[in-house]
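# Structural overview for review
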Amino acid sequence: MQEKMNISMVDLYNQYLKIKSEVDNEIEQVIRSSVFVKGGKVNEFEANLKQYLGVNHVITVGNGTDALQIAITALDLHQGDEVITTPFTFVSTLEVLALMKLKPVLCDIDEASFNISPELVAYSVSPRTRAIVPVHLYGQCADMECLHDISAPRGIYLIEDACQALGADYIYKNGQTAKAGTIGDIACNSFFPTKNLGAMGDGGAIFTNNDDLAKRMRSIANHGMSEKYVYQQVGVNSRLDAIQAAILDVKLKYLDQYIQARQTAAAFYDNHLKDIPEIKIPERVDYSTHTFHQYTIKVAEKRDELQAFLKSKGIPSMVYYPRPLHLQEAYKYLGYKTGDFPIAEKLSEQVLSLPMHTELDDAQLTWIVSAIREFFKK
Ligand SMILES: *Cc1c(COP(=O)(O)O)cnc(C)c1O
């Protein structure tokens, strides 16, 4: 009997090997052109991503955090304006609000989907609320239609943090679908290497159908410039470089295939784990497909023991996120305390994300589920 099998949380190298000649060729072309910043490759990628998403504007930027900051800057909010978001997310979502001296108002999440609860958002809206920033956590959309019903009549902006859900389809009640990141007023995306569409370095993008916001965000990302050496507003320098754009343009062609590979691995996990009463497999909502940026189970007891046991078998796993943001030192000043967001707090002690990437094969998946079953003596 095998003792250990070395499995990766993500496997970007083997993914690269399958498209190596295409990627290498594109990188070489950028080097030959020596247009490393802005220029043709970046424009081509923006156009192709625009078409994939079915959105009017794609503005590439330096990373997902910049995307959020530029989007929020474009809304022209004032110090102390309230922005509603979730405590159960990667720090960027909250960080940019704090940096911009806005007032983050946190709302607990829905236990099934891990995403912000529209009921609680409705409850937290005030006359000072200017924006809502839902996060499509782990690859599945937040309940955008409900959130839209809250935001639209009040003139509140809806800004999607779509960093984990590129390629997901949102399904409206009338059956129509739209890509994640094309539903709110603005959406932010990250091309961090491990994301659904990952660069070989940093990268990010902003999506919108609003021409005015697009113009403003493009300018903010470029020093607030309106025409050469004319500065209309205070901006930043945030751009995707041409080598990353070239790599992403190749990988975009395979994005749907990559998502399918993730969904196939997720179905394998489901089938082999669903009968174990001590764990809960990821629940699916009816208003979104799931791209499985992460495959996250809930382990009510002994989560950390399971993680250690898996590690002993060569199986990595991750806790996203071990401590909700309202309980972090940096955000204590917001005045929240333990008990304010009981679902986020409870789930932070239960969640465990299993290896999930495009290169998982049956032998690896079998090894992983067997180890989990062994731990629970199934
Ligand atoms: C990855 C991520 C970000 C930040 O993206 P970077 O490119 O690393 O700056 C923001 N929000 C969420 C939910 C993310 O997963």
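To keep things clear, this report deals only with the structure shown in the data block. Values in this document were obtained by computation on a predicted structure and should not be read as measured data.

## Some thoughts on the side chain of E46
Checked against the element boundaries, E46 lands in helix α3 (residues 40-53). Dropping the residues within four chain positions of it, E46 is found in contact with V58, I59, T60 and R218.

## A look at the pattern of salt bridges
Tallied over the entire structure, the rule returns 20 salt bridges. Close ionic contact of K253 with E22 constitutes a salt bridge, the shortest N to O distance being 2.6 Å. One end of the pair, K253, is in the loop between α9 (242-252) and α10 (255-273); the other, E22, is in helix α2 (residues 20-33), with 231 residues separating them in the sequence. Between R218 and E46 there is a salt bridge, with its nearest N and O atoms 3.1 Å apart. Placement of R218 in helix α8 (residues 211-220) and of E46 in helix α3 is noted, with a sequence separation of 172 residues between them. One continuous salt-bridge network, built from bridges that share partners, spans E26, K41, E44 and D249.

## Some thoughts on the pairing of strand β1 (residues 57-61)
For β1, a buried count of four out of five residues is recorded, marking the element as mostly surrounded by other parts of the structure. Bridging between β1 and strand β9 (residues 204-208) involves five bridges; their strand directions are antiparallel. Within β9, the residue paired with H57 across the bridge is T208.

## Points about the packing of α3 against α9
One way to put it is that α3 packs onto α9 with a least axis distance of 8 Å and a crossing angle of 35°. Note that α3 runs across α9; the crossing there is left-handed. In this structure, α3 uses K41, V42, E44, F45, N48, L49 and Y52 to contact α9, whose residues at the interface are A242, A245, A246, L248, D249 and L252. The residue inventory of the contact of α3 with α9, partitioned by class, reads nine nonpolar, one polar and three charged.

## Looking at unusual backbone geometry
The linkage connecting Y320 with the following residue, Y321, adopts the cis geometry, with an omega of 10°. One non-glycine residue, F292, lies in the positive phi region at around 50°. Take F292: it is sitting in the loop between β12 (279-280) and β13 (295-299).

## Examining α10
Under the 1.5 Å per step criterion, the end-to-end length of α10 is 27 Å for 19 residues, consistent within 8% with the ideal 27 Å. Restricting attention to buried positions, one finds in α10 the residues L255, Y258, I259, R262, A265, A266, F268, Y269, D270 and L273.

## A look at the packing of aromatic side chains
Scanning the model with the defined rule gives 15 aromatic pairs in all. When the centroid spacing of 6.1 Å and the interplanar angle of 40° are considered together, the rings of Y13 and Y16 count as tilted. Note that Y13 and Y16 are positioned in helix α1 (residues 12-18) at a spacing of three residues, about one turn of the helix. The exposed category is assigned to Y13, whose relative accessible area is 55%. Here F309 and F375 contribute two aromatic rings whose centre-to-centre distance is 5.6 Å and whose plane-to-plane angle is 45°, an arrangement assigned as tilted. Of the two residues, F309 sits in helix α11 (residues 303-312) while F375 sits in helix α13 (residues 362-375), which places them 66 residues apart along the sequence. Connected via pairs of aromatic rings, a cluster forms that spans F88, F90, F114, Y138, Y320 and Y321. If you follow K298 out to its NZ or CZ, it ends over the ring of F114, 5.0 Å from the centre.

## Topic: empty space enclosed by the protein
Overall, the coordinates contain three cavities of 30 Å³ or more when judged by the stated rule. Of the volumes computed, that of the largest cavity is approximately 80 Å³. Surrounding the largest cavity, 13 residues form its lining, L12, Q15, P193, R262 and T358 being those nearest its centre. Two domains share the lining of the largest cavity, each providing at least three of its residues, namely domain 1 (13-107 + 115-252) and domain 2 (255-377). Reported here for the second largest cavity is a volume of approximately 40 Å³. In terms of lining, the second largest cavity is formed by A112, S113, F114, L137, Y138, Q140, P282, E283 and H290. Grouping the constituent residues of the lining of the second largest cavity by class yields five nonpolar, three polar and one charged. Here the lining of the second largest cavity spans two domains, and each of domain 1 (13-107 + 115-252) and domain 2 (255-377) adds at least three residues to it.

## Considerations on the site of the ligand
Taken together, 13 residues form the shell around the ligand, and within it G64, T65, D161, S190 and K195 come nearest. A distance of 2.5 Å separates an oxygen atom of the ligand from a polar atom in the side chain of T65. In the environment of the ligand, a nitrogen atom lies 2.8 Å from a nitrogen or oxygen atom belonging to the side chain of D161. Across the complex, the protein chains shield 92% of the 380 Å² of accessible surface that the ligand would expose by itself. Judged by the fraction of its atoms near the pocket grid, the ligand is located in the largest pocket. Among the elements of the structure, α4 (64-74) and α5 (92-99) are those that each provide at least two residues to the shell around the ligand. Counted by class, the shell around the ligand contains three nonpolar, eight polar and two charged residues.

## Some thoughts on the nonpolar core
For soluble globular proteins, the rule of thumb is that nonpolar side chains tend to be buried together. F88, Y269, L273, Y295, L354 and I372 are the most contacted members of the largest nonpolar core, which has 47 residues in total. Looking at this core element by element, the count peaks at seven residues for α13. Two domains each donate at least three residues to this core, and these are domain 1 (13-107 + 115-252) and domain 2 (255-377). Y269 has contacts with K274, Y295, L354, P355, M356, L360, L365, I368 and V369, leaving out every residue within four places of it along the chain. Counting residues in each nonpolar core, the second largest holds 25 residues, with L68, L77, I159 and I186 among its members.

Calculation criteria
- Residues numbered from 1 in each chain as written.
- Predicted model: local features only at pLDDT ≥ 70, side-chain atom pairs only at ≥ 80, totals over all residues.
- Heavy atoms only, no water.
- Helix = DSSP H or I, 4+ residues; strand = E, 2+ residues; numbered from the N terminus.
- Contact = heavy atoms within 4.5 Å.
- Salt bridge = Lys/Arg side-chain N within 4 Å of Asp/Glu carboxyl O.
- Buried < 20%, exposed > 50% of the residue type's maximum accessible area, 1.4 Å probe, protein only.
- Pairing = 2+ DSSP bridges.
- Axes fitted to C-alpha atoms, helices over the stretch in contact; angles between N-to-C directions.
- Left-handed = near helix turned anticlockwise from the far one by under 90°.
- Nonpolar A, V, L, I, M, F, W, Y, C, P; charged D, E, K, R; others polar.
- Expected span 1.5 Å × (residues − 1).
- Phe/Tyr/Trp six-rings, centres within 6.5 Å; stacked < 30°, edge-to-face > 60°.
- Lys NZ or Arg CZ within 6 Å of the ring centre and 35° of its normal.
- 1 Å grid on protein atoms, 1.4 Å probe; cavity = no way out; pocket = protein on both sides within 12 Å on 5 of 7 lines; lining within 4 Å.
- Points joined across faces, edges and corners; volume = space filled by probe spheres on them.
- Domains from an automatic or database assignment.
- Near = heavy atom within 4 Å.
- Polar contact = N/O pair within 3.5 Å; in protein donor to acceptor, adjacent residues only side chain to side chain.
- Areas by Shrake-Rupley, 256 points an atom, 1.4 Å probe, with all protein chains shown as cover.
- Sits in = over half its atoms within 2 Å of the grid points.
- Core = buried A, V, L, I, M, F, W, Y, C linked by side-chain atoms within 4.5 Å.

Take it as geometry only, folks, not as evidence of what the structure does.
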